[in-house]
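# Observations on the three-dimensional arrangement
Residue-level listing of the chains:
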Amino acid sequence: EDQVTQSPEALRLQEGESSSLNCSYTVSGLRGLFWYRQDPGKGPEFLFTLYSAGEEKEKERLKATLTKKESFLHITAPKPEDSATYLCAHAGGSNYKLTFGKGTLLTVNP
Amino acid sequence: DAGITQSPRHKVTETGTPVTLRCHQTENHRYMYWYRQDPGHGLRLIHYSYGVKDTDKGEVSDGYSVSRSKTEDFLLTLESATSSQTSVYFCAISEDPRSEQYFGPGTRLTVT
């Protein structure tokens, strides 16, 4: 069974304190690894898609990387507005269905 | 933002009553999805559609049915709501199954 595990479950940072979130997966045939941001009471907002090991994508203070078994979301010099739950999901199998992790709740204090 | 709306946004209903949630898109995307999100679980796929009148089951489809009579609308029906179906329901759309999915604002359903 395909599984996605995110760690840590929660992370509290001071403004400007860089860190990384982890997403590890077991999947039969990765078709894509997706990162989303979710604010309280809202739907997930798409951030990145990664398709192959070694691939990296950046957006403002966020950078996503991918290896064969895990993905990292690096947050550089975070600001309070980066506080949110970050979700990762992989698309596996012949029908590309997404399997989501439980998310990492990031809190950035000023 | 992707043009996705969900209605209603909040609903309280009693056990045993039928409930229909609506997802409407203005992006003309072929694929549409229904997920539920519960504490302690990731988003879980209920049903999805790959075209008008073409639907398939997801991970947690028991107790739910769907219909898609137009490209822009995807309906999720709980034939007889149970307390275990209390959840936040999200609709999502994508151009094709390999592309990113864009999510609607969600519907909070409470079954008492």
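Just above sits the structure.
In this report, the structure presented in the accompanying data block is examined. (Residues numbered from 1 in each chain as written. Chains lettered and ligands numbered in written order. Predicted model: local features only at pLDDT ≥ 70, side-chain atom pairs only at ≥ 80, totals over all residues. Heavy atoms only, no water.)

### Focus on the side chain of His29 of chain B
- Mapped onto the elements of the fold, His29 of chain B is located in the loop between strand E3 (19-25) and strand E4 (31-37).
- Ignoring sequence-local partners within four residues, the contact set of His29 of chain B consists of Arg68, Thr71, Ile93, Ser94 and Glu95 of chain B. (Helix = DSSP H or I, 4+ residues; strand = E, 2+ residues; numbered from the N terminus. Contact = heavy atoms within 4.5 Å.)

### Focus: the nonpolar core
- Grouped together as the largest cluster of nonpolar side chains are 22 residues, with contacts concentrated most on Leu33, Trp35, Leu73 and Tyr86 of chain A.
- Where this core is concerned, the elements lending two or more residues are strand E2 (10-14), strand E3 (19-26), strand E4 (30-38), strand E5 (45-50), strand E7 (62-66), strand E8 (70-75), strand E9 (84-92) and strand E11 (104-109) of chain A. (Core = buried A, V, L, I, M, F, W, Y, C linked by side-chain atoms within 4.5 Å. Buried < 20%, exposed > 50% of the residue type's maximum accessible area, 1.4 Å probe, protein only.)

### Remarks on the interface of chain B and chain A
- Listed per partner, the contact involves 21 residues of chain B and 18 residues of chain A.
- For the pair chain B and chain A, the two sides together bury roughly 1500 Å², of which 58% comes from carbon and sulfur.
- Our count for the contact surface shared by chain B and chain A stands at 0 salt bridges.
- Run the count over chain B and chain A and you get 5 residue pairs in polar contact (both at pLDDT 80 or more).
- Elements that contribute at least two residues to the side of chain B that touches chain A include exactly E4, strand E5 (44-51) and strand E10 (102-103) of chain B.
- Partitioning the side of chain B that touches chain A into residue classes produces 9 nonpolar, 8 polar and 4 charged. (Buried area = accessible area lost by both parts, 1.4 Å probe. Salt bridge = Lys/Arg side-chain N within 4 Å of Asp/Glu carboxyl O. Polar contact = N/O pair within 3.5 Å; in protein donor to acceptor, adjacent residues only side chain to side chain. Nonpolar A, V, L, I, M, F, W, Y, C, P; charged D, E, K, R; others polar.)

### Focus: the state of the cysteines
All names here are of chain A.
- By the definition in use, this model includes 2 disulfides over all chains.
- The disulfide bridge from Cys23 ends at Cys88, spanning 1.9 Å between sulfur atoms. Here the disulfide of Cys23 and Cys88 is right-handed, its torsion about the S-S bond being about 75°. Taken together, the residues Cys23 in strand E3 and Cys88 in strand E9 connect sequence positions 65 residues apart.
- Judged by relative accessible area, Cys23 falls into the buried class, the value being 0%.
- When its relative accessible area of 0% is taken as the criterion, Cys88 is described as buried. (Disulfide = S-S within 2.5 Å.)

### Observations concerning unusual backbone geometry
- Cis peptide bonds are those with omega within 30 degrees of zero, and the linkage from Ser7 of chain A to Pro8 of chain A qualifies with -10°.
- Structurally, Pro8 of chain A is set in the loop between strand E1 (3-7) and E2.
- Cis geometry marks the peptide bond from Ser7 of chain B to Pro8 of chain B; its omega dihedral reads -10°.
- In this fold, Pro8 of chain B is placed in the loop between strand E1 (4-7) and strand E2 (10-13).
- If you check the backbone angles, Glu60 of chain A has positive phi at about 55° while not being a glycine.
- If you trace the backbone, Glu60 of chain A turns up in the loop between strand E6 (56-59) and E7.
- For Glu60 of chain A, a relative accessible area of 70% translates into the label exposed.
- One non-glycine residue, Asn28 of chain B, lies in the positive phi region at around 60°.
- For Asn28 of chain B, a relative accessible area of 63% corresponds to the exposed category.

### A word on the sheet that holds E3 of chain A
All names here are of chain A.
- Taken together, 5 strands build an open sheet; the order of strands is E1-E3-E8-E7-E6 and the sheet is antiparallel. This sheet does not close on itself; its edge strands, each paired only once, are E1 and E6. With strand direction ignored, the average angle separating the axes of adjacent strands in the sheet is 15°.
- Of the pairings in the sheet, the one linking E7 to E8 comprises 5 bridges and is antiparallel in character. Bridge pairing in E8 links Lys63 to His74. (Pairing = 2+ DSSP bridges. Axes fitted to C-alpha atoms, helices over the stretch in contact; angles between N-to-C directions.)

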